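If you want the building blocks of each chain, they are given just below.
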Amino acid sequence: TAEKVVNDLALHLNEGKAKTFLNSALDVLRPHFVSLGARVSILSQTKIEVLLPLKSRNIDEQGRVIPGVQTSLAIECFKMLWSRKSPLGVLSIRIKEVKSQFFRETSSDLIFRSSLSETHRELVWSLLHQDKKADVELGVLAFDLDGQTISEFEIVAEIITKDLLG
């Protein structure tokens with residue numbers, strides 16, 4: 001893949017500017033999720049937990065995690081959780097609305113968590129099977145390493161099955 005080629009080239013270059021350029025090119029090819037440095041620690045059909053490290057690209061001048069980065073990662077958590085082992089194959093997820101609240105600032109890594117009940121999941125799969133699309137809502141919380149809630153997101157999206165995509 002193109003990502004592997006750029007990665008291999010970057011590993012073999014010693015010149016700073018060329019290596020920086022290739023790493024920047026790699027950031028364009030990587031999924032946004034990966035470029036944030038996020039790491040999935042738990043992913044099941046009903047639960048997700050992702051660690052967002054405190055990296056220079058994720059923080060502002062005061063060392064705080066950028067709200068847009070938090071929002072972006074919350075959306076990725078939403079998408080991963082709903083896409084996990086879909087019984088209906090490939091899904092398209094269109095984000096319709098994101099409500100966010102930022103309670104406090106932190107200068108530590110963040111842990112994003114979300115879960116849904118098996119009943120809710122099965123209800124949505126049933127709607128998708130019947131209507132080929134469904135509107136869903138799910139909350140995602142972000143915590144610091146001390147367990148304090150940093151931010152909360154309510155995400156509304158339309159999920160469409162591949163059959164309807166054509």
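Scroll up a little and you will see the structure.
Bear in mind that the values here come from a model prediction, so they are computed numbers and not experimental data. (Residues numbered from 1 in each chain as written. Predicted model: local features only at pLDDT ≥ 70, side-chain atom pairs only at ≥ 80, totals over all residues. Heavy atoms only, no water.)

### With respect to helix H5 (residues 118-131)
Across its 14 residues, H5 extends 20 Å between first and last C-alpha, which sits within 8% of the 20 Å expected from 1.5 Å per residue. For H5, the full list of buried residues reads Arg121, Val124, Trp125 and Leu128. The arc enclosing the buried residues of H5, seen along the axis, measures out at 100°, which places them on a common side. Residues Thr119, Leu123 and Gln130 are exposed on H5 and point more than 90 degrees away from its buried face. Buried residues along H5 sit in contact with helix H4 (67-83), strand S3 (91-102), strand S5 (133-144) and strand S6 (149-161). (Helix = DSSP H or I, 4+ residues; strand = E, 2+ residues; numbered from the N terminus. Expected span 1.5 Å × (residues − 1). Buried < 20%, exposed > 50% of the residue type's maximum accessible area, 1.4 Å probe, protein only. Arc of directions from axis to C-beta. Contact = heavy atoms within 4.5 Å.)

### Considering the environment of Asp144
Tracing the backbone shows Asp144 in strand S5. For Asp144, a relative accessible area of 9% gives the class buried. Sequence spacing of Asp144 and Leu110 is 34 residues, and the spatial spacing of their C-alpha atoms is 4.7 Å. Discounting residues that sit within four places of it in the chain, Asp144 has contacts with Thr106, Ser108, Asp109, Leu110 and Ile150.

### Overview of the packing of aromatic side chains
Taken as a whole and assessed by the stated rule, the structure comprises three aromatic pairs. For the pair Trp82 and Trp125, a centre-to-centre distance of 5.9 Å together with 90° between the ring planes defines the contact as edge-to-face. Taken together, the residues span a long stretch of sequence, with Trp82 in helix H4 and Trp125 in helix H5 at a distance of 43 residues. With respect to class, Trp82 is no different from Trp125; both count as buried. The rings of Phe102, Phe112 and Phe153 are connected pair by pair, giving a single aromatic cluster. (Phe/Tyr/Trp six-rings, centres within 6.5 Å; stacked < 30°, edge-to-face > 60°.)

### Describing the side chain of Thr106
Checked against the element boundaries, Thr106 lands in the loop between S3 and strand S4 (110-115). For Thr106, a relative accessible area of 12% translates into the label buried. Of the polar contacts made by the side chain of Thr106, one reaches the backbone nitrogen of Ser108; its length is 3.2 Å. Sequence-distant contacts of Thr106, that is, excluding residues within four places in its chain, are made with Gly63, Arg64, Val65, Asp144 and Ile150. (Polar contact = N/O pair within 3.5 Å; in protein donor to acceptor, adjacent residues only side chain to side chain.)

### Brief notes about the pattern of salt bridges
Enumeration according to the criterion identifies six salt bridges in this entry. With a closest N to O distance of 3.4 Å, Arg94 and Glu158 form a salt bridge. With Arg94 in strand S3 and Glu158 in strand S6, the pair connects residues that are 64 residues apart, well separated along the chain. For Arg94, a relative accessible area of 43% translates into the label partly exposed. (Salt bridge = Lys/Arg side-chain N within 4 Å of Asp/Glu carboxyl O.)

### What about the environment of Ala157?
Looking at the secondary structure, you find Ala157 in strand S6. Separated by 22 residues in the primary sequence, Ala157 and Asp135 place their C-alpha atoms 5.7 Å from one another. Setting aside chain neighbours within four positions, we find Ala157 in contact with Phe78, Ile93, Arg94, Ile95, Lys96, Ala134, Asp135 and Val136.

### Observations concerning the pairing of strand S1 (residues 39-43)
Where S1 lies against strand S2 (residues 47-52), four bridges are found, and the strand directions are antiparallel. Bridging across to S2, Arg39 finds its partner in Leu51. (Pairing = 2+ DSSP bridges.)

### Some thoughts on H4
A rise of 1.5 Å per residue sets the reference length of H4, with its 17 residues, at 24 Å; its end C-alpha atoms lie 24 Å apart and thus fit the reference within 8%. Looking only at H4, the buried set comprises Val69, Gln70, Thr71, Ser72, Leu73, Ala74, Ile75, Cys77, Phe78, Leu81 and Trp82. Downstream of H4 by a residue or two, Lys85 has a phi angle that is positive, lying close to 45°.

### Quick look at the sheet that holds S3
Strands belonging to one sheet form pairs held by backbone hydrogen bonds; the direction of such a pair is parallel or antiparallel. Taken together, the six strands give an open sheet; going across it, the order is S1-S2-S4-S5-S6-S3, and neighbouring strands pair in antiparallel fashion. Every interior strand has two partners, whereas the edge strands, S1 and S3, have only one. Strand-to-strand, the axes of this sheet are offset by a mean angle of 20°, without reference to chain direction. Strands S1, S2, S3, S4, S5 and S6 of the sheet are contacted by H4, whose axis makes an angle of about 140° with S3. H5 contacts S3, S5 and S6 of the sheet and is inclined by roughly 150° relative to S5. (Axes fitted to C-alpha atoms, helices over the stretch in contact; angles between N-to-C directions.)

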